[in-house]
Protein chains: 2
Amino acid sequence: MIVGTEWLIEAAECDAETLRDEVALRDIFDRVISDLALKVVDAIWHTFPGEAGVTGMALLTESHLTCHTYPEHRTATFNLYCCRSRPEWAWEKHLKRSLGADAVAVSVIQRGELSERESRSEVSNFKSHRAGGDA
Amino acid sequence: MIVGTEWLIEAAECDAETLRDEVALRDIFDRVISDLALKVVDAIWHTFPGEAGVTGMALLTESHLTCHTYPEHRTATFNLYCCRSRPEWAWEKHLKRSLGADAVAVSVIQRGELSERESRSEVSNFKSHRAGGDA
């Protein structure tokens, strides 16, 4: 039984300073939430000390949105899990602009499904594409 | 650059009542966190009204742990994302016992990686196995 869709997003070669900027990351959340008409029940944010990154987690009526940033690797990852049908968000375009990412990969997985995950058919269940870098 | 490992867990044919029991779900989180020596920074929980399910989200120093339950479909899904190496947790065994799940699927994905996700090699990047039902 498919109960939701989860997008897993990897953003590489980002601007390290921006990955330490909680406000910038909250802005991305706000944009996703607004564009996809999601509803936030609660959210928690944490900026780790020193040169470490930021974690954001939003509990949505539609499931969840999370991010983790790794300034030391110029990488950010996001998860968007929706138990209701939602259009694709333009992750590549937005993360290139907001985080300075050179490359963004978006994967989609159907949640709750057991049968197709047993076999190698997860290929069809786990679609991935990469946006080429601007560099 | 691999920045973490995420386990995606699907539990099917669970006991519907237990999927509405936030205390039972918090107990599962406590067990995972204790067994894997994870550290919770903050956590948010929400029990949706009526016959709907429960969402739990824990922000960890190691990344995150989330769950969503769907009593109407007797299904629960979990995500465990760790930016530090951790052993496999015995999801099948524990969720069969705690949620009465008949079948549990655990998938593993490496986060932050772009190159292997471009091609169909995500098969090797996205390992899945299913524990057979007890029924």
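Reading the values: rules and limits
- Residues numbered from 1 in each chain as written.
- Chains lettered and ligands numbered in written order.
- Predicted model: local features only at pLDDT ≥ 70, side-chain atom pairs only at ≥ 80, totals over all residues.
- Heavy atoms only, no water.
- Helix = DSSP H or I, 4+ residues; strand = E, 2+ residues; numbered from the N terminus.
- Buried < 20%, exposed > 50% of the residue type's maximum accessible area, 1.4 Å probe, protein only.
- Contact = heavy atoms within 4.5 Å.
- Areas by Shrake-Rupley, 256 points an atom, 1.4 Å probe, with all protein chains shown as cover.
- Axes fitted to C-alpha atoms, helices over the stretch in contact; angles between N-to-C directions.
- Parallel < 35°, antiparallel > 145°, perpendicular 65-115°, else oblique.
- Left-handed = near helix turned anticlockwise from the far one by under 90°.
- Nonpolar A, V, L, I, M, F, W, Y, C, P; charged D, E, K, R; others polar.
- Least-squares fit on C-alpha atoms with pLDDT ≥ 70 in both.
- Phe/Tyr/Trp six-rings, centres within 6.5 Å; stacked < 30°, edge-to-face > 60°.
- Buried area = accessible area lost by both parts, 1.4 Å probe.
- Salt bridge = Lys/Arg side-chain N within 4 Å of Asp/Glu carboxyl O.
- Polar contact = N/O pair within 3.5 Å; in protein donor to acceptor, adjacent residues only side chain to side chain.
- Patch = residues over 30% accessible without salt bridge, like charges linked within 9 Å, V, L, I, M, F, W, Y side chains within 5 Å.
- Lys, Arg positive; Asp, Glu negative; His and termini not counted.
- Charge placed at Lys NZ, Arg CZ, Asp CG, Glu CD.
- pLDDT = per-residue confidence, 0-100.

Chemist: With reference to specific residues and values, describe the overall build of chain A.
Modeler: A count of helical and extended segments in chain A gives four helices and seven strands. Counting across all 135 residues of chain A, residues that qualify as buried make up 56%. Within chain A, counting contacts between residues at least 6 apart in sequence, those at least 24 apart form 59% of the total. For chain A, the computed accessible surface area is about 5,500 Å², with 48% contributed by carbon and sulfur atoms.

Chemist: Hey, could you go over unusual backbone geometry for me, with residue numbers and the actual values?
Modeler: Residues and elements named next belong to chain B. Even without glycine at this site, Glu 13 takes up a positive phi of about 55 degrees. Secondary-structure assignment places Glu 13 in the loop between strand S1 (4-12) and helix H1 (22-35). In this structure Glu 13 comes out as partly exposed when scored by relative accessible area, which is 36%. Phi is positive for Arg 74, close to 55 degrees, though the residue is something other than glycine. Position of Arg 74 among the secondary structure elements: in the loop between strand S4 (63-70) and strand S5 (75-82). Assessed through its relative accessible area of 36%, Arg 74 is described here as partly exposed.

Chemist: A description of the packing of helix H1 (residues 22-35) of chain A against helix H2 (residues 91-99) of chain A should follow, citing residues and the corresponding values.
Modeler: Between two packed helices, the angle of one axis relative to the other and the distance separating the axes together describe the packing. All names here are of chain A. H2 packs onto H1 with a crossing angle of 155 degrees between their chain directions and a minimal axis gap of 11 Å. Of the possible angle classes, the one that applies to H1 and H2 is roughly antiparallel. In the crossing of H1 with H2, the sense of the turn from one axis to the other is right-handed. Taking contact as the criterion, the partners of Leu 25, Ile 28, Arg 31, Val 32 and Asp 35 in H1 are, on H2, Trp 91, His 94, Leu 95, Ser 98 and Leu 99. Residue composition of the contact of H1 with H2, by class: six nonpolar, two polar and two charged.

Chemist: Lay out the relation of the copies chain B and chain A with the relevant residues and their values.
Modeler: Of the two same-sequence chains, chain B is brought onto chain A (RMSD 0.0 Å, axial shift 0.0 Å) by a rotation of 180 degrees. In symmetry terms, the pair is related by a two-fold rotation axis. A symmetric contact is evident, with 100% of the interface residues of chain B recurring at the interface of chain A.

Chemist: Tell me what's going on with the packing of aromatic side chains, and back it up with residues and numbers.
Modeler: Residue and element names in this part refer to chain A. For the structure shown, the criterion picks out six aromatic pairs over all chains. An angle of 55 degrees between the planes, with centres 4.7 Å apart, marks the rings of Phe 29 and Trp 45 as tilted. With Phe 29 in helix H1 and Trp 45 in strand S2 (residues 40-47), this pair connects stretches of sequence that are 16 residues apart. Its relative accessible area of 3% is what places Phe 29 among the buried residues. Through successive ring pairs, a cluster of aromatic residues spans Phe 78, Trp 89 and Trp 91.

Chemist: Tell me what's going on with the interface of chain B and chain A, and back it up with residues and numbers.
Modeler: On the chain A side, the residues contacting the 50 residues of chain B number 50 residues. When the two sides are added together, the surface that chain B and chain A hide from each other amounts to roughly 4,200 Å², 67% of it contributed by carbon and sulfur. Counting every contact that joins chain B to chain A gives two salt bridges. Two residues, Glu 10 of chain B and Arg 111 of chain A, come together in a salt bridge whose shortest N-O distance is 2.9 Å. For the interface between chain B and chain A, the tally reads 18 residue pairs in polar contact (both at pLDDT 80 or more).

Chemist: Quick one: what's the story with a negative patch on the surface, residue by residue and with numbers?
Modeler: A contiguous patch of negative charge on the surface is contributed by Asp 15, Glu 17, Asp 21, Asp 27, Asp 30 and Glu 51 of chain A. Overall, Asp 15 of chain A belongs to the partly exposed group, its relative accessible area being 36%.

Chemist: Any details on the confidence of the model for chain A? Residues and values, ideally.
Modeler: Residues and elements named next belong to chain A. Across chain A, the average pLDDT comes to 88, with 84% of residues at 70 or higher. Low pLDDT (under 50) marks residues 117-128, which in the prediction has 41 contacts with non-local residues, meaning those over four places away or in another chain. Counted against residues more than four places away or in other chains, residues 131-135, with its pLDDT under 50, gives 12 contacts. What the predictor reports for the complex is a pTM of 0.87 with an ipTM of 0.86.

Chemist: Before we move on, can you summarise the side chain of Glu 10 of chain A with the specific residues and values?
Modeler: Take Glu 10 of chain A: it is sitting in strand S1 (residues 4-12). Here Glu 10 of chain A falls in the buried class, since its relative accessible area comes to 0%. Within polar-contact distance, the side chain of Glu 10 of chain A engages the backbone nitrogen of Gly 112 of chain B at 2.4 Å.

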